[in-house]
Every structure is written in structure tokens, then in C-alpha cells.
Amino acid sequence: MADAFALPPNFWSKVVVRGPDECWRWSRALDTDGYGKLRYGGKTCRPHRVVLQWFTQRKGEGLEASHGPCHEPSCVNPAHLSWKTHKENMADRVRDGTNNRGERNGLTSLTEAQVHAIRADPRPQRRVAPDYGVCPSTVNGIRTRRRWGWLP
């Protein structure tokens, strides 16, 4: 197995390096989520995580390699990367507006206006649900704020 704190051979030749404050983009294979990927030591790795391990000399076990201030998944600039807990990483995404909750989530069938309307509707959840194409348990989750709880 390769040294945990070594960069793969020719690593930087696969990176578009720009100024010290700009994103350095991984120019090779990307996953569907936009994050880079590479084979190294017999494993598929995330290049930004490999750079952060090399830069900090830490494996970051139990932590996430967080992008900031850029939030660009293909960025491998060590100045844009840091180790964070999942909770810290998610809080950054909410703060910076790069999260995919609510209408930004491609799997949702509701808008924020519909969620507000569901909360305001006095009818039983079994009567409200068909009007929005959701099941009664979804209406219940919205009203009890287990779903869309971050909305005022």
C-alpha cells in the first residue's frame, strides 16, 4: 500500500494550478457529484482528500475533507481544504447556501410555498396529502417539523 502521506506520481500534472487564492481543479476523472477520483495504491481515492492528507500529514479518520471558501468539488488547492466533522461541514453548506435541502433537492416534489400552505391547512393530513401528491405521513412530518423543519 502506498504511503498515506505521499502524493501519487505525477499528481500535479493532473491539476490545473492557478493563483494561490484560486481553485486548483482536478483535470482528470470526476464522479457524477463533481468530485475528482483517482486510482492510487489499488484504491479509488478523492484527490482533494489525498492532498489534504499530504498537506496536513493526517489521515483525517472520522472527518471530512471540507472545501471552503470555494465549495468547488474538483478543487485540490490545499488553501481551500480543511478537516471538519460532518456536522461542521453541513453547517458551512447551510451558511454559504451550497446545501441541497428544500427546493434545491432534485428529489423533492414540493416547493417552500406548498410546505407553508400544508402547515396552514387545518384539514386532516389524509385530506391534505392528495392535494399535494404526497402521503399523509409526509404531511405529518411537515407539520411536526421533522421534514422541512428549517423553514420558518
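A. Fine view of the environment of Leu38. In this structure, Leu38 sits in strand 3 (residues 38-40). Leu38 sits 30 residues away from Pro8 along the chain, and the two C-alpha atoms are 9.4 Å apart. Apart from the residues lying within four places of it in its own chain, the contact partners of Leu38 are Pro8, Phe11, Trp26, Lys43, Thr44, Cys45, Arg46, Pro47 and Val50.

B. Main features of the packing of helix 3 (residues 112-120) against helix 5 (residues 136-143). Running from N to C, helix 3 and helix 5 cross one another at 90°; their axes reach a closest spacing of 9 Å. Comparing the axis directions of helix 3 and helix 5 gives the class roughly perpendicular. Packed against helix 3, whose contacting residues are Val115, Ile118 and Arg119, the element helix 5 presents Val139, Ile142 and Arg143 at the interface. Across the contact of helix 3 with helix 5, the residue classes tally to four nonpolar, no polar and two charged.

Reading guide: rules and limits
- Residues numbered from 1 in each chain as written.
- Predicted model: local features only at pLDDT ≥ 70, side-chain atom pairs only at ≥ 80, totals over all residues.
- Heavy atoms only, no water.
- Helix = DSSP H or I, 4+ residues; strand = E, 2+ residues; numbered from the N terminus.
- Contact = heavy atoms within 4.5 Å.
- Axes fitted to C-alpha atoms, helices over the stretch in contact; angles between N-to-C directions.
- Parallel < 35°, antiparallel > 145°, perpendicular 65-115°, else oblique.
- Nonpolar A, V, L, I, M, F, W, Y, C, P; charged D, E, K, R; others polar.

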